[in-house]
Amino acid sequence: MSKPLVLFCDFDGTITEKDNIVAIMRRFAPPEWEALTEKILSQQVSVREGVGRLFQLLPSSLRQEIVDFIVGEAAIRPGFAEFVRFCRDEGIELLITSGGIDFFVEPILAPFELNVPIYCNGSDFSGERITITWPHRCDEHCDNDCGMCKTTIIRRYDPDRHFRVVIGDSVTDLAGAKIADFVIARSLLAQKCAELGLPHRTFATFHDVIAILQDLRTQQEVGSP
C-alpha cells in the first residue's frame, strides 16, 4: 500500500520568486550585509548566526516600512494558489518550512488562507534593533545551527509511514533534502541534489510541482517509488 505524501515547502525563493531577506537587506541595510550574506551561503557562518546578525543591522522602528515594502515587492511563483488547492483537494499534508521571519512570511501568505502549519523564525521589535527569535531550533540530531531546523520538523514524520517530499531552492533546504524520500528542487538545491545523487526532479513553477506530485503518486500506486 502506498504511503501518504507529506510536503515540506520552503518559502523564500520557492513560494516567492526571490529571497525576501535579501530584498529587505538590499533596500534597508548598510553595505556590510553583502559580505555577511556571502558567509551564510558559503556556510562559513551558521544560518542562525548569520540571519540574526543581518537583522541586527536594522532599527526596530523600520518594522512597518519593511512590511509594506516586502508585501508589495514579493512576487509569488506561478501556480502556487493552484498547488494549495491541489493539496487540499487531494488530502495531501502540506507544511510551510521557512527560514524566513514571521513578520513578513505571514502577511505575504495571508491572501491564500492556507490553514496549514507555518514553521518560521520569530521576531522581537522591543529593542533598538530587530532581534530574531528561534522557536524551532535544531534537535539533538542536528548540529547545523539552522535557526529554523527543517530536519527537526521532517524527523517528526516516520519514513515507514510517510513519503516525505522537500520542495526548495537553496542551501538552507539541503540538510532536509538529504533525509527526505524525494526532493523537488530548483536553483542551488537542484545543483546540490544532482552532485550528491539525491532522488529529485526540478521545477520552475508550482504547475510543475503539481505534475511531479501526480507522477509520484502514480509511481507509488504501481509499486515503483
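First, a word on what this report is: a plain description of the structure on this page. On a predicted model such as this, the values are computed, not experimentally measured, just so you know.

### Side note on the overall build of the protein chain
If you tally the helices and strands in the protein chain, you get ten helices and seven strands. Relative to a compact globule of 225 residues, whose C-alpha radius of gyration would be 17 Å, the protein chain shows 17 Å and is just as compact. With the principal axes as the frame, the protein chain shows a C-alpha extent of 60 × 35 × 25 Å. For the protein chain, the proportion of its 225 residues judged to be buried stands at 49%. The contacts of the protein chain with a sequence gap of at least 6 include a subset with a gap of at least 24, amounting to 60%.

### Let's talk about the pairing of strand β3 (residues 118-124)
Of the strand pairs in this sheet, strand β2 (residues 93-101) and β3 are connected by three bridges, and their pairing is parallel. Each bridged residue has a counterpart across the sheet, and for I96 the counterpart in β3 is I118. Traced from β2 through helix α6 (residues 102-109) to β3, the parallel crossover comes out right-handed. Direction of pairing for β3 relative to strand β4 (residues 131-133): antiparallel, over a ladder of three bridges. Within β4, the position partnered with D124 by the bridge is T131. A loop of six residues connects β3 with β4, the two strands running antiparallel in sequence.

### Let's talk about the packing of aromatic side chains
Tallied over the entire structure, the rule returns ten aromatic pairs. Ring centres of F8 and Y157 lie 5.5 Å apart, and the angle between their planes is 80 degrees; on these two criteria the pair is classed as edge-to-face. A residue pair is termed long-range when its members are at least 10 positions apart, and F8 in strand β1 (residues 5-9) and Y157 in the loop between α7 (150-154) and β5 (163-168) qualify at 149 residues. On the basis of relative accessible area, Y157 is assigned to the buried category, the value being 14%. Their ring planes at 35 degrees and their centres at 6.1 Å tell us that F80 and F83 sit as a pair that is tilted. Taken together, the residues F80 and F83, both in helix α5 (residues 80-90) and three residues apart, mark about one turn of the helix. In terms of burial, F80 and F83 fall into one category: buried. Through a chain of ring-to-ring contacts, the aromatic side chains of F80, F83, F112, F203 and F206 assemble into a single cluster. Over the aromatic face of F28 sits the side chain of R27, whose NZ or CZ is 4.7 Å from the ring centroid. Seen from the ring of F69, R27 lies directly overhead, with NZ or CZ sitting 6.0 Å from the centre.

Parameters and conventions
Residues numbered from 1 in each chain as written. Predicted model: local features only at pLDDT ≥ 70, side-chain atom pairs only at ≥ 80, totals over all residues. Heavy atoms only, no water. Helix = DSSP H or I, 4+ residues; strand = E, 2+ residues; numbered from the N terminus. Rg over C-alpha atoms; globule rule 2.2 N^0.38 Å. Buried < 20%, exposed > 50% of the residue type's maximum accessible area, 1.4 Å probe, protein only. Contact = heavy atoms within 4.5 Å. Pairing = 2+ DSSP bridges. Right-handed = clockwise from strand over helix to strand, strands pointing away. Phe/Tyr/Trp six-rings, centres within 6.5 Å; stacked < 30°, edge-to-face > 60°. Lys NZ or Arg CZ within 6 Å of the ring centre and 35° of its normal.

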